[in-house]
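Each chain, letter by letter, is given below.
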Amino acid sequence: MLQQHGQLDRAQSICREILTEAPEYFYALHLLGIIESQKGNAPVAAELIGRAIGVNPHDASAHANIGNVLLDLRRPEEALASYERALALKPDFAGALNGRGNALLDLKRREEALASYERALTHEPRHVEALNNRGNALLALERPEEALASYQGALALVPDFAGALNGRGNALLELKRPEEALASFERALALQPGDAVVLNNRGNALLALARPDEALASFGLALKAQPDYVDAINGCGKALLDLRRLEQALARYDRTLELAPHSLEALNDRGNVLLKLGRPEEALSSFDRALAVSPDHVDALRNRCMALQDLALADGQRHEDLIVDIRKLLAIAPAHDYARGWLLNSQLHCCDWADYDQGTAQIAEGVRAGRRVDTPFSFVAISESAADQLRCAQVYAASDFPAAAQPVWRGERYRHDRIRLAYLSADFREHVMATRLAELFEKHDRTRFEMTAMSLGPDVQSQMRLRLQGAFERFVDVRQMNDQEVAHLLRQLEIDIAVDLNGYTGGCRTGIFAQRAVPLQVSYLGFPGTMGTDYIDYVLADRWVIPEEEHDCYAEKVAYLPDSYQVNESRRRVAEHGSTRPEVGLAEQAFVFCSFNNNYKLSPKVFDAWMRLLDRVEGSVLWLFASSAAAARNLTKEAALRGVGAERLVFSEKTYYEVFLARHKLADLALDTLPYNGHATTSDALWAGLPVLTCLGTTFAGRVAASLLSAAGLPELITRSLPEYEALALELATHPARLADLRARLARNRATCPLFDTNRFRRHIESAYITMWERQQRGAAPASFSVQPVS
């Protein structure tokens, strides 16, 4: 009775007195063992109850109790044997069945554990511990709805059961109900303040609620109670990752792995941190370690794909490895988000067109059905439907970048002497975006605009980085700030207009814009399509890339710029001493068609036309950019399938930008791609004096070259169908005088045409910003409009 009423010391003293007189007295040995167990002395408890069983091996309770102690000692196999002996003596013993379930659960034999709890509840339906543990088994079996019902059953009997409240919180987390989960954990903590497990789980709920600061504090309290608690250390890593305190997060994961070298979660999360730190090779190693522990671990395999994608973007050589990994991922998880699109995109980078028609059709069908089969940027490379691209972007934004429940900007109208304009980009460095925009930034009218740059990408010091830093009144490196922190900084600076230069391209931070930090949010240049959200107000475009009849395919309002939407640097340098034809593998007398567009933009139907041109233009060659050996190999194979020999294809390697521009002078005619045109590559060719032939596509990405050619004064190089495109290419290749006239006109136009008049473009884009701002100041909603060309 004393023991049952919590008077453990007194009960312990009496048992010892009895055992002094009768050392083999079963009941005293058994009870003293139970008391020692309650006081946390499991080894002593095991020895005492073992002695009791030696005296009386037929007592089922003793076998069950030593099973409990053995579980505390983390010896589940021995515990299981003890429960089995108890049940052999007393088959309907609910307590032993419950304990047996616990041992099986520790051994990860979850279905058997569940069956044991069910048997316990058959004999004793109101067994609270069995109800709670049944919930634990169901949760481990990924059946959270049933687990929740089991925890609720336990709480109906004992409303203040902290363990069931904690389990209930975990089930609610699995069911994506984090607010209710947090409330359940708070109730458990009110009953057991300082409980490390509940504090850890509370941190998980706060992470799910995007409250990483509070989550970090909760994990910290768990570690104060239990310093080597692996889950809480890992939780700190997750919170620090969300806070973009990346080096600190990495240190936490490394500490987790010191304590638990084979922790899948830590190895996987550590790899994610290394990816964000721009260290993909090390990330790959971390994911490989995770996959060595569990070869079919979906998250680790997916993230390994992400690491390979980063490496492939850097050098173009890892796409074949990436294809292998994506196929593994799809074999394990056939409906994994975006994997189908990743696979086809990597195949396109390798010019592997074996599944092109089937793959594009399946992905388009999935997009129309609202499935997450592709990301918007890879989808624009294969889609010929602006409506489908809108659907793809909407699904992606809703899933990965949902609008914040509470916007940071609350509708205030700022009154500033100048419009506060912020450009956000991950590419303020030696990058094609910077090459296009640097002069615009320098020329912006400082009497009308206060200029801020928010740099989201790496701080790689270079001449371009220094130039960009000098072009802004305020240049802020925010790469280590999380989305909420950047949004609050924009609000603190009272930015009027924030321009997203990335869109859904590499390094994007769309989550910043999802916070709605400023009155006007604009998409420009980086992504050739709609963002599919209602928190981006405008897209800057021209009437070539977005015809008025397609406004309903854009979530944004369209701000039409005259001439072309694309800005260009008017002072780009072309190397004076470029290569000769023999130096780059070109015959002196050959007619040279070229296309330096990225390999993923090449498509079978356009390549068909190119091969027919080579067949019909004697002595002609096709000069291509090949990002990898795989791309060159596959293009050579595709040419052979069309009856064209390998000697007719010449592959260009990467080189310095000025030399790359100069190389255009060695070609005769540039051939554009479809459904995704050359964008920067088209304006580069025109700047270098090389005519570009395009076919007008059906989406933004497929109409950019037409926009550029029109602004360069060469509209006759815009065709409306592939047969017309092929016919005009043949005409130009076989009529050198006409081609020479185009080259001469392009050379004359370069100094005066709108495409390369940066100051003219600056006045147009500033007019667009002013029109947006004036509408907002009047309290008017965003609306599409056109900027009038300057005289």
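Below you will find a few notes about this structure. Within each chain, residue numbers correspond to sequence positions counted from 1 in written order. Reporting in this predicted model follows two pLDDT cut-offs: at least 70 for local features of residues, and 80 or more for side-chain atom pairs to be given and counted; totals over whole chains, interfaces and linings ignore these cut-offs and use all residues. Hydrogens are left out, water is left out, and the side-chain values use all remaining heavy atoms of the structure.

The helix count covers DSSP runs of H or I at least four residues long, the strand count covers runs of E at least two residues long, and both are numbered beginning at the N terminus. Counting secondary structure elements, the protein contains 35 helices and 14 strands. Its C-alpha atoms give the protein principal-axis dimensions of about 120 × 65 × 45 Å. Throughout, exposure labels follow a simple rule: accessible area from a 1.4 Å probe, protein chains only, divided by the maximum for the residue type, with under 20% read as buried, over 50% as exposed, and the rest as partly exposed. Relative to its 791 residues, the protein shows a buried fraction of 57%. Residue contacts are defined here by distance: any two heavy atoms, one from each residue, within 4.5 Å place the two residues in contact. Counting contacts in the protein only where the partners sit at least 6 residues apart, residues at least 24 apart contribute 63% of the total. Surface accessibility of the protein: about 33,000 Å² in total, with carbon and sulfur atoms responsible for 49%. Residues counted as positive are Lys and Arg, residues counted as negative are Asp and Glu, and His and the chain ends are not counted. Charge positions are represented by NZ for Lys, CZ for Arg, CG for Asp and CD for Glu. Averaging the positions of the 88 positive and the 103 negative side-chain charges in the protein gives two centres separated by 3 Å. Only the protein chains shown count as cover for residues, and all accessible areas are computed by the Shrake-Rupley method using a 1.4 Å probe.

Our focus in this paragraph is the pairing of strand β2 (residues 449-455). With seven of seven residues buried, β2 lies mostly within the body of the structure. Side chains of β2 alternate between two faces, with F449, M451, A453 and S455 and E450, T452 and M454 buried alike. Here, strands pair whenever DSSP counts at least two bridges between them. Strand direction decides the pairing type here: strand β1 (residues 419-425) and β2, joined by seven bridges, are parallel. Looking at the pairing, R420 lines up with E450 of β2. Between the parallel pair β1 and β2, the chain is carried across by helix α24 (residues 432-443), and the sense of this crossover is right-handed. Sheet analysis places β2 next to strand β3 (residues 474-477), joined by four bridges and oriented parallel. Looking across to β3, one finds that T452 is bridged to R474. A crossover links β2 with its parallel partner β3, the connecting element being helix α25 (residues 463-471), and its sense is right-handed. Handedness rule for crossovers: strands pointing away from the viewer, path from the first strand over the helix to the second running clockwise, crossover right-handed.

This part is about the nonpolar core. We define a nonpolar core as any set of buried Ala, Val, Leu, Ile, Met, Phe, Trp, Tyr and Cys residues linked to one another through side-chain atoms lying within 4.5 Å. Ranked by internal contacts, the top residues of the largest apolar core, which has 276 residues, are Y423 and Y524. Leaving out residues up to four positions away in the same chain, Y524 has contacts with L437, V499, D500, L501, L540, Y565, Q566, V567, F761 and I765.

Looking at the secondary structure, you find C695 in strand β12 (residues 692-695). The class for C695 is buried, based on a relative accessible area of 5%. Apart from the residues lying within four places of it in its own chain, the contact partners of C695 are L674, N677, G702, T719, R720, S721, L722 and Y725.

Another point: the packing of helix α31 (residues 680-687) against helix α32 (residues 704-711). Packing of α31 against α32 brings their axes to within 9 Å, and their N-to-C directions diverge by 25°. When the axes of α31 and α32 are compared, the pair comes out roughly parallel. Considering the relative orientation of α31 and α32, their crossing is right-handed. Judged by residue contacts, T682, S683 and L686 of α31 engage A705, L708 and L709 from α32. Amino acids are sorted into nonpolar (Ala, Val, Leu, Ile, Met, Phe, Trp, Tyr, Cys and Pro), charged (Asp, Glu, Lys and Arg) and polar (every other residue, Gly among them). Residues belonging to the contact of α31 with α32 are distributed by class as follows: four nonpolar, two polar and no charged. Angles run from 0 to 180 degrees between N-to-C directions of axes, and those axes are lines fitted to C-alpha atoms, restricted for helices to the stretch in contact. In what follows, roughly perpendicular refers to angles from 65 to 115 degrees, roughly parallel to angles under 35, roughly antiparallel to angles over 145, and oblique to any angle outside these ranges. Crossings are assigned a handedness: left-handed for a near helix turned anticlockwise from the far helix by less than a right angle, right-handed for a clockwise turn.

Time to look at helix α2 (residues 26-38). Here α2 contains 13 residues, and its C-alpha end-to-end distance of 18 Å stays within 8% of the 18 Å for a straight helix at 1.5 Å per residue. All buried positions along α2 are accounted for by F26, A28, L29, H30, L32, G33, I35 and E36. One or two residues past the end of α2 sits G40, with phi positive at roughly 85°. How far a helix is expected to stretch is found by multiplying one less than its residue total by 1.5 Å.

We now examine the sheet that holds β12. Hydrogen bonds between backbone groups are what pair the strands of a sheet, and the pairing can be parallel or antiparallel. Taken together, the six strands give an open sheet; going across it, the order is β10-β9-β8-β11-β12-β13, and neighbouring strands pair in parallel fashion. Of all the strands in the sheet, just β10 (649-652) and β13 (718-719) have a single pairing partner and so form its edges. With two bridges connecting them, strand β8 (residues 592-595) and strand β11 (residues 669-671) associate as parallel partners. Looking at the pairing, F593 lines up with L669 of β11.

The eight strands are arranged β3-β2-β1-β4-β5-β6-β7-β14 in an open sheet whose pairing can be described as parallel. On the outer flanks of this sheet lie β3 and β14 (785-786), each paired with one strand and no other.

Moving on to the side chain of N133. Along the chain, N133 turns up in helix α8 (residues 128-140). Take N133: its relative accessible area is 8%, and that puts it in the buried class. Here a polar contact is recorded for every N or O atom pair within 3.5 Å, except that within protein the pair must consist of a potential hydrogen donor and a potential acceptor, and residues adjacent in sequence are included only if both atoms are side-chain atoms. For N133, the side chain forms a polar contact with the side chain of N98, separated by 2.8 Å. At 3.2 Å, the side chain of N133 forms a polar contact with the side chain of N102.

With that settled, consider the packing of helix α7 (residues 110-123) against α8. Two numbers describe how α7 lies on α8: the axes approach to 9 Å, and their chain directions differ by 155°. It follows that α7 is roughly antiparallel to α8 by the angle criterion. The hand of the α7/α8 crossing is left-handed. Between α7, through R110, L114, Y117, E118, A120 and L121, and α8, the contact on the second element is made entirely by A130, L131, N133, R134, A137, L138 and A140. Taken together, the residues that form the contact of α7 with α8 break down as nine nonpolar, one polar and three charged.

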